[in-house]
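Below are the chains, spelled out letter by letter.
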Amino acid sequence: AQSVTQLDSQVPVFEEAPVELRCNYSSSVSVYLFWYVQYPNQGLQLLLKYLSGSTLVKGINGFEAEFNKSQTSFHLRKPSVHISDTAEYFCAVRDAFQGAQKLVFGQGTRLTINP
Amino acid sequence: DAGVTQSPTHLIKTRGQHVTLRCSPISGHKSVSWYQQVLGQGPQFIFQYYEKEERGRGNFPDRFSARQFPNYSSELNVNALLLGDSALYLCASSPEGGRDEQFFGPGTRLTVL
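What counts as what
- Residues numbered from 1 in each chain as written.
- Chains lettered and ligands numbered in written order.
- Predicted model: local features only at pLDDT ≥ 70, side-chain atom pairs only at ≥ 80, totals over all residues.
- Heavy atoms only, no water.
- Pairing = 2+ DSSP bridges.
- Helix = DSSP H or I, 4+ residues; strand = E, 2+ residues; numbered from the N terminus.
- Axes fitted to C-alpha atoms, helices over the stretch in contact; angles between N-to-C directions.
- Core = buried A, V, L, I, M, F, W, Y, C linked by side-chain atoms within 4.5 Å.
- Buried < 20%, exposed > 50% of the residue type's maximum accessible area, 1.4 Å probe, protein only.
- Contact = heavy atoms within 4.5 Å.

Visitor: Got a minute to help me understand the sheet that holds strand β8 (residues 74–78) of chain B in this structure?
Guide: Across a sheet, strands are paired by hydrogen bonds formed along the backbone, either parallel or antiparallel in direction. Residue and element names in this part refer to chain B. Across the sheet, 4 strands lie side by side as β1-β3-β8-β7; this open sheet has antiparallel pairing. In this open sheet, the two edge strands, each paired with only one partner strand, are β1 (5–7) and β7 (64–68). Sheet twist, expressed as the average angle between the axes of neighbouring strands with direction ignored, equals 15°. Relative to β8, β7 runs antiparallel, the two being bridged by 5 bridges. Bridging from a neighbouring strand, glutamine 68 pairs with serine 74 of β8.

Visitor: What is the right way to read the nonpolar core from this model?
Guide: Nonpolar side chains in soluble globular proteins tend to be buried together. Core analysis: the largest hydrophobic core is formed by 29 residues, its most contacted members being Trp35, Leu48, Phe74, Leu76 and Tyr89 of chain A. Looking at which element gives the most residues to this core, the answer is strand β10 (residues 87–97) of chain A, with 4 residues. If near-sequence neighbours (up to four positions away) are discounted, leucine 48 of chain A is found in contact with Leu33, Phe34, Trp35, Val57, Lys58, Gly59, Phe63, Glu64, Ala65, Phe74 and Leu76 of chain A. Membership of the second largest hydrophobic core comes to 22 residues, among which are Cys23, Ile46, Val78 and Leu81 of chain B.

Okay, structure coming up:
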């Protein structure tokens, strides 16, 4: 079974500073990775996904992530954050399970942007 | 186009009661998955349904059950509620069996007192 580890539970940064949210996954022959964002009292919104191809994936709201197979990592980055980026971020891997295609999520990283 | 919708938004129950949560997938989507998100944790997989058949079940007790209707909407039922069932219940839909992106609804916040 696949698993995901988000290395930081909380990340505080100042507005307009760069940020990196770290994610490591358990190794597998093929892996499909996702980053979701959850704003307070809302559901999950997909930021970006890696299914195959280029290891640098660009998503919405200026976020990007790099798939690194040798380090089994899929870190999320943004060069300049805004107050509106304050949210919980979840890394997820797709796992085949009993005929289902389920998402296995990390524990989440709370990103707090300070003015 | 409407996204995934869930009802109710919030729900308060007492221990031992039964609850039914509802989900309507995006039009044309045939697969629905349910996840439980306890406060401070990532979502945990409960069920996936595709074409009205259960495809997989996560590590949840038999008190949890679900079904999918001919219009692809879905219900999640939880019997004999425990305090630990308090969580945000998320529904996600995808066009086929989940091999593509899953689109999440806003969730139902269940509080068990």
